[in-house]
Amino acid sequence: MSLVLDPAAQDLLFREAHTANTFTDEPVTEEQVQAIYDLVKYGPTAFNQTPLRIVLVRSAEARERLVAHMAEGNQAKTATAPLVAILAADNEFHEELPTLFPAFPQAKDLFFAERPARESAAGLNAALQAAYFIIGVRAAGLAAGPMTGFDAAGVQKEFLDGDHTPLMVVNIGKPGEGASYPRSPRLAYEDVITTV
């Protein structure tokens, strides 16, 4: 085998993991979320950017406000998931670059002085971090149900501000009865990989 990672861990993170649509009522603790973040914060990004911002929706009042902005097919599962997280990109991430990337502190002004450049970088790197977050949820023995079916402008207005762009909403918890669809096909190696 060419992979160093234990096959059971490979299964947990990838082969046996599924997007969950239903969950048990077992709560997701603050300690679990802290452990997830403390693991996935080490995932690589350009210039060590850390634009991902996570809003944990725990209160019933906040959950109700979020559900109102979800697409119809996502409302019930968002209403009943043990924990829901709004993942967003901070378009002012560059302010932290002198601390986060001390090897090249001038990157903040050299590359990210203009808002369009920041938004582009924040979107890409926060999406990378969102993927790491989903893998971290799986590493905690939980399931994630990431969704982009929501009113982004409404979620931004309700939970964020003009400097933060919502990327996805993620339901989190232990998978419930009939939580996922059968595994969908994946492209083969030769359909994806080209050597030049």
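Structure: see above.
Residues numbered from 1 in each chain as written. Predicted model: local features only at pLDDT ≥ 70, side-chain atom pairs only at ≥ 80, totals over all residues. Heavy atoms only, no water.

## Digging into the layout of surface pockets
In plain terms, the rule: Cavities and pockets were defined on a 1 Å grid built over protein atoms only: a cavity is a set of grid points that admits a 1.4 Å probe from which the probe cannot escape, a pocket is an open set flanked by protein on both sides within 12 Å along at least five of seven lines, and lining residues are those with an atom within 4 Å of any such point. Grid points are joined across faces, edges and corners, and a volume is the space filled by probe spheres set on the points. Asp, Glu, Lys and Arg are counted as charged, while Ala, Val, Leu, Ile, Met, Phe, Trp, Tyr, Cys and Pro are counted as nonpolar; the rest, among them Gly, fall into the polar class. Helix and strand definitions here come from DSSP, where helices need a minimum of 4 consecutive H or I residues and strands a minimum of 2 consecutive E residues; each element is numbered from the N-terminal end.
The calculated volume of the largest pocket comes to roughly 220 Å³. Taken together, Phe-14, Ala-17, His-18, Thr-19, Asn-21, Arg-138, Ser-180, Tyr-181, Pro-182, Arg-183, Ser-184 and Arg-186 make up the lining of the largest pocket. By residue class, the composition of the lining of the largest pocket is four nonpolar, five polar and three charged. Within this model, the second largest pocket holds a volume of roughly 180 Å³. Contributing to the lining of the second largest pocket are 15 residues, with Glu-16, Ala-17, His-18, Leu-142 and Ala-143 lying nearest its centre. Secondary structure elements with two or more residues in the lining of the second largest pocket: helix H1 (7-15) and strand S3 (143-147). Across the lining of the second largest pocket, the residue classes break down as eight nonpolar, four polar and three charged.

## Structural notes on the pattern of salt bridges
Here is the rule: A pairing counts as a salt bridge when a side-chain nitrogen of Lys or Arg comes within 4 Å of a carboxyl oxygen of Asp or Glu. In this scheme, a residue with accessible area under 20% of its type's maximum is buried, one over 50% is exposed, and one in between is partly exposed, where area comes from a 1.4 Å probe on protein chains only.
One pass over the full model with this rule turns up twelve salt bridges. The partner of Glu-96 in a salt bridge is Arg-53, with the nearest N and O atoms 3.1 Å apart. With a gap of 43 residues between them, Glu-96 in the loop between strand S2 (83-90) and helix H5 (97-100) and Arg-53 in strand S1 (residues 52-57) connect regions that are remote in the sequence. Across the pair Arg-115 and Glu-119 runs a salt bridge whose closest N-O atoms are separated by 2.8 Å. Of this pair, Arg-115 and Glu-119 both sit in helix H7 (residues 115-139), four residues apart, which is roughly one turn of that helix. What makes Arg-115 partly exposed here is its relative accessible area of 25%. The network of salt bridges with common partners includes Glu-92, Arg-115, Arg-118, Glu-119 and Asp-163.

## Focus: the packing of aromatic side chains
Let me state the cut-off plainly: When the centres of two rings from Phe, Tyr and Trp lie within 6.5 Å, Trp using its six-membered ring, the rings pair. Their planes under 30 degrees apart give stacked, over 60 give edge-to-face, and anything left gives tilted.
The tally for this structure, following the rule as stated, stands at seven aromatic pairs. When the centroid spacing of 5.5 Å and the interplanar angle of 85 degrees are considered together, the rings of Phe-47 and Phe-101 count as edge-to-face. With Phe-47 in the loop between helix H2 (30-40) and S1 and Phe-101 in the loop between H5 and helix H6 (107-112), this pair connects stretches of sequence that are 54 residues apart. A residue is classified by how much of its surface remains accessible, and Phe-47, at 25% relative accessible area, is partly exposed. Ring centres of Phe-47 and Phe-112 lie 5.9 Å apart, and the angle between their planes is 85 degrees; on these two criteria the pair is classed as edge-to-face. Of the two residues, Phe-47 sits in the loop between H2 and S1 while Phe-112 sits in helix H6, which places them 65 residues apart along the sequence. Members of the aromatic cluster, each reached through a chain of ring pairs, are Phe-47, Phe-93, Phe-101, Phe-104, Phe-111 and Phe-112.

## What to know about the packing of H2 against H7
For any two helices packed against each other, the geometry comes down to the angle between their axes and how far apart the axes lie. Selection rule: Between N-to-C directions, angles span 0 to 180 degrees; the directions come from axes that are lines fitted to C-alpha atoms, helices contributing only their stretch in contact. For classification purposes, an angle smaller than 35 degrees is called roughly parallel, one larger than 145 roughly antiparallel, one from 65 to 115 roughly perpendicular, and anything else oblique. Note: crossing handedness is left-handed where the near helix turns anticlockwise from the far helix by less than a right angle, and right-handed where it turns clockwise. The contact criterion used throughout is that any non-hydrogen atoms of two residues lie within 4.5 Å.
It is at 9 Å that the axes of H2 and H7 come closest, and there the two elements cross at 130 degrees. When the axis of H2 is compared with that of H7, the two are oblique. Remark: the crossing between H2 and H7 carries right-handed chirality. Taking contact as the criterion, the partners of Ile-36, Leu-39 and Val-40 in H2 are, on H7, Tyr-132, Phe-133, Gly-136, Val-137 and Ala-139. Tallied by class, residues from the contact of H2 with H7 come to seven nonpolar, one polar and no charged.

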